[in-house]
Amino acid sequence: MSKTAILPAAAMPAARPMPRVEHPGTEALRMFMRNPSAIAGMVMLLLILLVAIAGPWVYPADPFEIRSAPLTPPFSEDAWLGSDYLGRDVLTTLIYGGRATLLVGAVAALLSVAIGITLGAFAGYYGGKVDAALMRLTEFFQVLPALLFAMVVVTLFSPSLVTVTLAIGIVSWTSTARLTRAEFMKYRGLEFVRAERAIGASDARIIWKVILPNALPPLVVSATLAVGAAILFEAGLSFLGLGDPNQMSWGLMIGSSRQYVLSCWWAVAFPGAAIFLTVLAVSLIGDGLNDALNPKLRER
């Protein structure tokens, strides 16, 4: 008979539980939700979007219609936020102008990010002559005066929301391209990319399905900040009279009333405040995403 002592079940050491591994996306979302500034920016942006989208149904009117006497001050019975030099209601133009401004900002930023990611991905992945040629193209657009080039494009093809959006997207992709190139150069030599190449994966699969998902965090932050930059760009073009004259926008409101800023300050101040709050909200969201998606910042 064996003399080995048999320990009771209660005395046996309990197995250690496996540590729970949190999904990176869940961790990033948790970090984002713990950022008060990012939450404030999200709330501000949602309220602005709600007003711009639902406002025309709640407050139906023609933004170009003359509804009261010119230069009516704010908090009047006929115009809550006053009227401009033509007698157009500032509240109405503010609500309807938000649609065009936000649409141009979002689509132009999406276009610039798409161009930047495509060119940056090819440059960073292939390197060599492809990288040199694409970087020379990037440097060419980078040294061009962006506002002047956009003005030329809009003037040649007549001012409209489409031409303004295309002009902004064409001149503002260079920073995204350089960031994407740097990310692809960092990942292209790693083991998981070599493994995909060894099993015969195509270049298209490696670029778009292997490397790009890993390079997305800084690109998402860049895309978020590009929205704010595009909104400011559109406001600048409209201020110079190169916006769509048939579509009300915040920049058009400021540009059309700039000569009456002393006698009609509210027609400039209210759309200016709307642009400021929108860009501030987008910037706060971008900073929150940067803190949440950057592993080095998450460890602090």
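See the structure shown above.
Residues numbered from 1 in each chain as written. Predicted model: local features only at pLDDT ≥ 70, side-chain atom pairs only at ≥ 80, totals over all residues. Heavy atoms only, no water.

Caption draft 1: Layout of the overall build of the protein chain. On a plain count of helices and strands, the protein chain comes out with twelve helices and zero strands. Secondary structure elements of the protein chain occur, N-terminal to C-terminal, as α-α-α-α-α-α-α-α-α-α-α-α. For the protein chain, with 300 residues in total, the buried portion stands at 41%. Restricting the contact set of the protein chain to residue pairs at least 6 apart, pairs at least 24 apart contribute 71%. For the protein chain, the accessible surface area stands at approximately 16800 Å², while carbon and sulfur atoms represent 69% of it. (Helix = DSSP H or I, 4+ residues; strand = E, 2+ residues; numbered from the N terminus. Buried < 20%, exposed > 50% of the residue type's maximum accessible area, 1.4 Å probe, protein only. Contact = heavy atoms within 4.5 Å. Areas by Shrake-Rupley, 256 points an atom, 1.4 Å probe, with all protein chains shown as cover.)

Caption draft 2: Representation of helix α9 (residues 203-239) within the structure. Taking 1.5 Å per residue, 37 residues should reach 54 Å; α9 reaches only 45 Å between its end C-alpha atoms and comes up short. Remark: the principal bend of α9, roughly 60°, maps to Leu-212, with a proline, Pro-213, within the next four residues. Gly-241 sits one or two positions beyond α9 and adopts a positive phi of about 85°. (Expected span 1.5 Å × (residues − 1). Bend = angle between axes of the 7 residues up to and from the residue.)

Caption draft 3: Molecular detail of the packing of aromatic side chains. Scanning the model with the defined rule gives ten aromatic pairs in all. Ring centres of Phe-140 and Phe-141 lie 5.6 Å apart, and the angle between their planes is 90°; on these two criteria the pair is classed as edge-to-face. On the basis of an interplanar angle of 90° and a centroid distance of 6.1 Å, the ring pair of Phe-141 and Phe-149 is categorised as edge-to-face. Since its relative accessible area comes to 27%, Phe-149 is described here as partly exposed. (Phe/Tyr/Trp six-rings, centres within 6.5 Å; stacked < 30°, edge-to-face > 60°.)

Caption draft 4: View of the packing of helix α2 (residues 36-58) against helix α3 (residues 90-126). Interaxial distance between α2 and α3 falls to 8 Å at its minimum, and their mutual angle equals 125°. Judged by the angle between their axes, α2 and α3 are oblique. The handedness of the crossing between α2 and α3 comes out as left-handed. Contact residues: α2 offers Ile-48, Leu-49, Val-51, Ala-52, Ile-53, Gly-55, Pro-56 and Trp-57, while α3 offers Ile-95, Tyr-96, Gly-98, Arg-99 and Leu-102. Grouping the constituent residues of the contact of α2 with α3 by class yields ten nonpolar, two polar and one charged. (Axes fitted to C-alpha atoms, helices over the stretch in contact; angles between N-to-C directions. Parallel < 35°, antiparallel > 145°, perpendicular 65-115°, else oblique. Left-handed = near helix turned anticlockwise from the far one by under 90°. Nonpolar A, V, L, I, M, F, W, Y, C, P; charged D, E, K, R; others polar.)

Caption draft 5: View of the pattern of salt bridges. Evaluated as defined, the whole model comprises eight salt bridges. Taking the shortest distance from any N to any O, the salt bridge between Asp-131 and Arg-181 comes out at 2.6 Å. Placement of the pair is Asp-131 in helix α4 (residues 128-143) and Arg-181 in helix α7 (residues 174-187), with a sequence separation of 50 residues. Overall, the relative accessible area of 11% leaves Asp-131 in the buried class. (Salt bridge = Lys/Arg side-chain N within 4 Å of Asp/Glu carboxyl O.)

Caption draft 6: Region of the structure containing a nonpolar patch on the surface. Together, Met-42, Leu-46, Leu-49, Ile-53, Trp-57 and Val-58 make up an exposed nonpolar region whose accessible area comes to about 640 Å². Residue position: Val-58 is located in helix α2. (Patch = residues over 30% accessible without salt bridge, like charges linked within 9 Å, V, L, I, M, F, W, Y side chains within 5 Å.)

Caption draft 7: Quick look at unusual backbone geometry. Positive phi, normally seen in glycine, also occurs at Leu-71, with a value near 60°. Here Leu-71 is to be found in the loop between α2 and α3. In the Ramachandran plot, Phe-75 falls in the positive-phi region, its phi being about 60° despite a non-glycine side chain. Along the polypeptide, Phe-75 turns up in the loop between α2 and α3. Residue class for Phe-75 comes out exposed when judged on its relative accessible area of 72%.

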